[in-house]
Amino acid sequence: MKPWKRVDFAEVVAEVKQPLFGHDDLTILGGQCAESDVLKLIKHWDLAKMPFRVWEYSCEIVFERDTHPTNIALLERGLIFGVGGDLMLRRNGTGFSWRFIGPAGIQKPAEDYCTQDYWERNQGAKFHLDEKAALLWGEWNGKQWVENRVGAAKLNYPSKGKRVQLNYKAFTHAGIVEFVWFTSLNEWVG
């Protein structure tokens, strides 16, 4: 059992005084697209700055780098991320719902994907930023990534260190996480 830690009010005050992030700091977009338009939607973003991929198909999950989905008919979810932003795709019947969060100034796709800009309805919203890392499943055994708890997932992380961590930015309001931007995968620092 972890011992209780006293509240350090100076730390709490410093946290509350951190700069807030809003319209001038972030692009937050979302919408819908047809299954046939998924690849066209993906190509809208600066993929050179978003190299990491997680493709969740109905039969497997793959972690890759610089790829596109191989079978859109079986794709259930997709995640493309990096310092250039975070694009999440989620199957919604015969199409996909999508959400993008990234640096300020990213333009909406020119095509009609029912795109909505978060800031148009939430002009005064501000968020606190909490940068975090999470340890991912799997261990490098010298030849491949292995983890018996995720048998269907092909763990193909872009690192050959013993473990891998996912780095992300959590944008919170009143202590509640509103948006998460995955930024990178790298060797576990711990």
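Before reading on, note that the structure itself is shown above.
Parameters at a glance
- Residues numbered from 1 in each chain as written.
- Predicted model: local features only at pLDDT ≥ 70, side-chain atom pairs only at ≥ 80, totals over all residues.
- Heavy atoms only, no water.
- Helix = DSSP H or I, 4+ residues; strand = E, 2+ residues; numbered from the N terminus.
- Buried < 20%, exposed > 50% of the residue type's maximum accessible area, 1.4 Å probe, protein only.
- Contact = heavy atoms within 4.5 Å.
- Core = buried A, V, L, I, M, F, W, Y, C linked by side-chain atoms within 4.5 Å.
- Pairing = 2+ DSSP bridges.
- Salt bridge = Lys/Arg side-chain N within 4 Å of Asp/Glu carboxyl O.

Peer 1: Help me out: how do you make sense of the side chain of Gln 165 in this one?
Peer 2: Relative to the helices and strands, Gln 165 resides in strand 12 (residues 164-173). Judged by relative accessible area, Gln 165 falls into the buried class, the value being 9%. Apart from the residues within four sequence positions on either side, Gln 165 is in contact with Ala 133, Ala 134, Leu 135, Leu 136, Ser 184, Leu 185, Asn 186, Glu 187, Trp 188 and Val 189.

Peer 1: Would you explain the nonpolar core in this entry?
Peer 2: Soluble globular proteins tend to bury their nonpolar side chains together. Membership of the largest hydrophobic core comes to 20 residues, with the highest contact counts inside it found for Ile 42, Trp 45, Trp 55, Leu 87, Leu 89 and Trp 98. In this structure, Val 54, Phe 63, Leu 136 and Trp 140 belong to the second largest nonpolar core, which totals 14 residues.

Peer 1: Explanation requested: the pairing of strand 5 (residues 85-92) in the structure shown.
Peer 2: Within a regular strand, the side chains alternate between the two sheet faces. With 6 bridges connecting them, strand 4 (residues 75-82) and strand 5 associate as antiparallel partners. Directly across from Phe 81, in strand 5, lies its bridge partner Asp 86. In textbook terms, the turn of a hairpin is the stretch between consecutive antiparallel strands, and for strand 4 and strand 5 this stretch comprises 2 residues. Of the pairings in the sheet, the one linking strand 5 to strand 6 (residues 95-103) comprises 7 bridges and is antiparallel in character.

Peer 1: Just to check I follow, could you spell out the pattern of salt bridges for this structure?
Peer 2: A side chain of one charge can pair with a side chain of the opposite charge if their charged atoms are brought near each other. Counted under the stated rule, the structure contains 8 salt bridges. For the salt bridge of Arg 91 with Glu 35, the shortest nitrogen-to-oxygen distance reads 2.9 Å. Of this pair, Arg 91 sits in strand 5 while Glu 35 sits in the loop between strand 1 (26-34) and helix 2 (38-43), placing them 56 residues apart in sequence. Using a relative accessible area of 16% as the deciding quantity, one classes Arg 91 as buried. The closest approach of N and O atoms between Glu 139 and Lys 162, which form a salt bridge, is 2.8 Å. One end of the pair, Glu 139, is in strand 9 (residues 139-140); the other, Lys 162, is in the loop between strand 11 (153-154) and strand 12, with 23 residues separating them in the sequence. Glu 139 sits in the partly exposed class, given a relative accessible area of 33%.

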